[in-house]
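Structure at a glance
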Amino acid sequence: MVKQSVTEKFADAQKIIQSIYPSLMSFYAMCERREKPGITMRLDTRTGRCPVLEYNSKFIDAISKEVLGALTSVELIRLLLHHPTTRLLLPVELCYQASNIICTRKEILNWNIAPYIQDYFPTSDDIEKEPGFNVAEDMYLEKVFSILLNRMNQESKKNQQQQQQQQNKSNKGQDQEQQQNSGKGKKDEQQSQEEQDGS
């Protein structure tokens, strides 16, 4: 099998996107492409006049045209919903995670995606199980972000409590050891005094 060039693989991915998400093609036409070592693939909306799909050519070589089409679709949906621009939230890593959950539509998960690449395509199943969550009304960036942020804060609080408990146990053990040593010292001192009195 002849190895495809990056340009050829993007062209095939574009055909896949056009057949499934034709409405995304106008946004795809807005984007430039730029190779950038040290990443996988991402959308840069800050350094130029138009969005730039940045990619690592080694990563593109390693994935199929279906995976590339799915990844590109996710980035275009992200652009369509203004996630990386006017709706960017801090911390950015959590915003990106929330955006991935929203932009990875369920139909994308039905594409021919190799198992090793599944982590790039998170499902919303876990978020949908959140108590009181209404998919029709709550599946938007700010809501999902707030859920993830709340979970992160709860996990951080839990870790702090566990660390505090461990510290308290450690302090208690040190206090008990000091008391034992202190008691032993007094006993030795009393015994020494008795021996002196006996002599």
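Residues numbered from 1 in each chain as written. Predicted model: local features only at pLDDT ≥ 70, side-chain atom pairs only at ≥ 80, totals over all residues. Heavy atoms only, no water.

What follows covers the overall build of the protein. What the protein contains, in helices and strands, is 8 helices and 3 strands. For the protein, the sequential pattern of α-helices and β-strands runs α-α-β-β-β-α-α-α-α-α-α. Burial status across the protein gives 32% buried among its 199 residues. In the protein, of all internal contacts separated by at least 6 residues, the share reaching a separation of at least 24 is 54%. Accessible surface computed for the protein: about 13100 Å², of which carbon and sulfur atoms make up 48%. (Helix = DSSP H or I, 4+ residues; strand = E, 2+ residues; numbered from the N terminus. Buried < 20%, exposed > 50% of the residue type's maximum accessible area, 1.4 Å probe, protein only. Contact = heavy atoms within 4.5 Å. Areas by Shrake-Rupley, 256 points an atom, 1.4 Å probe, with all protein chains shown as cover.)

In this section: the side chain of Lys9. Relative to the elements of secondary structure, Lys9 occurs in helix 1 (residues 6-20). Within the buried set, Lys9 has no salt-bridge partner at all; the shortest N-O distance to an opposite charge, 5.2 Å, is to Asp61. Polar contacts involving the side chain of Lys9 include one to the main-chain carbonyl oxygen of Ile60, which spans 2.9 Å. For Lys9, the side chain forms a polar contact with the main-chain oxygen of Asp61, separated by 3.5 Å. Excluding residues that lie within four positions of it along the chain, Lys9 makes contacts with Gln4, Ile60, Asp61, Ile63, Ser64, Lys65 and Leu68. (Lys, Arg positive; Asp, Glu negative; His and termini not counted. Salt bridge = Lys/Arg side-chain N within 4 Å of Asp/Glu carboxyl O. Polar contact = N/O pair within 3.5 Å; in protein donor to acceptor, adjacent residues only side chain to side chain.)

Further remarks concern the packing of aromatic side chains. With the rule as written, the count across this model stands at 1 aromatic pair. Cation over ring: Arg33 sits above Phe10, and NZ or CZ is 4.4 Å from the ring centre. (Phe/Tyr/Trp six-rings, centres within 6.5 Å; stacked < 30°, edge-to-face > 60°. Lys NZ or Arg CZ within 6 Å of the ring centre and 35° of its normal.)

A word on unusual backbone geometry. The amide bond that connects Leu90 to the next residue, Pro91, takes the cis arrangement and shows omega of 5 degrees. When you line up the elements, Pro91 lands in the loop between helix 4 (65-80) and helix 5 (92-103). Even without being a glycine, His82 presents a positive backbone phi close to 65 degrees. Mapped onto the fold, His82 is located in the loop between helix 4 and helix 5. Given a relative accessible area of 42%, His82 falls into the partly exposed group.

With that out of the way, let us pick up the state of the cysteines. For the coordinates displayed, the defined rule picks out 0 disulfides. Free cysteine Cys31: the closest other cysteine sulfur is in Cys50, separated by 7.5 Å. Under the relative-accessibility criterion, Cys31 is labelled buried at 14%. Lacking any disulfide linkage, Cys95 is separated from the closest cysteine sulfur, that of Cys103, by 9.7 Å. (Disulfide = S-S within 2.5 Å.)

Read from one edge to the other, the open sheet built from 3 strands follows the order 1-3-2, with strand pairing classed as mixed. Pairing within the sheet leaves two strands with one partner each, and these edge strands are strand 1 (32-35) and strand 2 (41-44). Strand-to-strand twist in this sheet, taken as the mean axis angle between neighbours without regard to direction, amounts to 25 degrees. Most of the contacts of helix 4 go to strand 2, to which it runs at about 25 degrees, and overall it touches strand 2 and strand 3 (52-55). (Pairing = 2+ DSSP bridges. Axes fitted to C-alpha atoms, helices over the stretch in contact; angles between N-to-C directions.)

A separate point is the environment of Ile101. Structurally, the position occupied by Ile101 is in helix 5. Linking Ile101 and Asp126, residues 25 residues apart in sequence, is a C-alpha distance of 9.8 Å. In this structure, Ile101 is in contact with Pro122, Thr123, Ser124, Ile127, Val144 and Leu148, ignoring residues within four places of it in sequence.

So, about the environment of Ile102. By the secondary structure assignment, Ile102 is in helix 5. Here Ile102 falls in the buried class, since its relative accessible area comes to 9%.

In this model helix 4 runs 22 Å from its N-terminal to its C-terminal C-alpha over 16 residues, within 8% of the 22 Å that 1.5 Å per residue would give. Most of helix 4 sits inside the fold, with 13 of its 16 residues counted as buried. Looking one or two places after helix 4, you find His82, whose phi comes out positive at around 65 degrees. (Expected span 1.5 Å × (residues − 1).)

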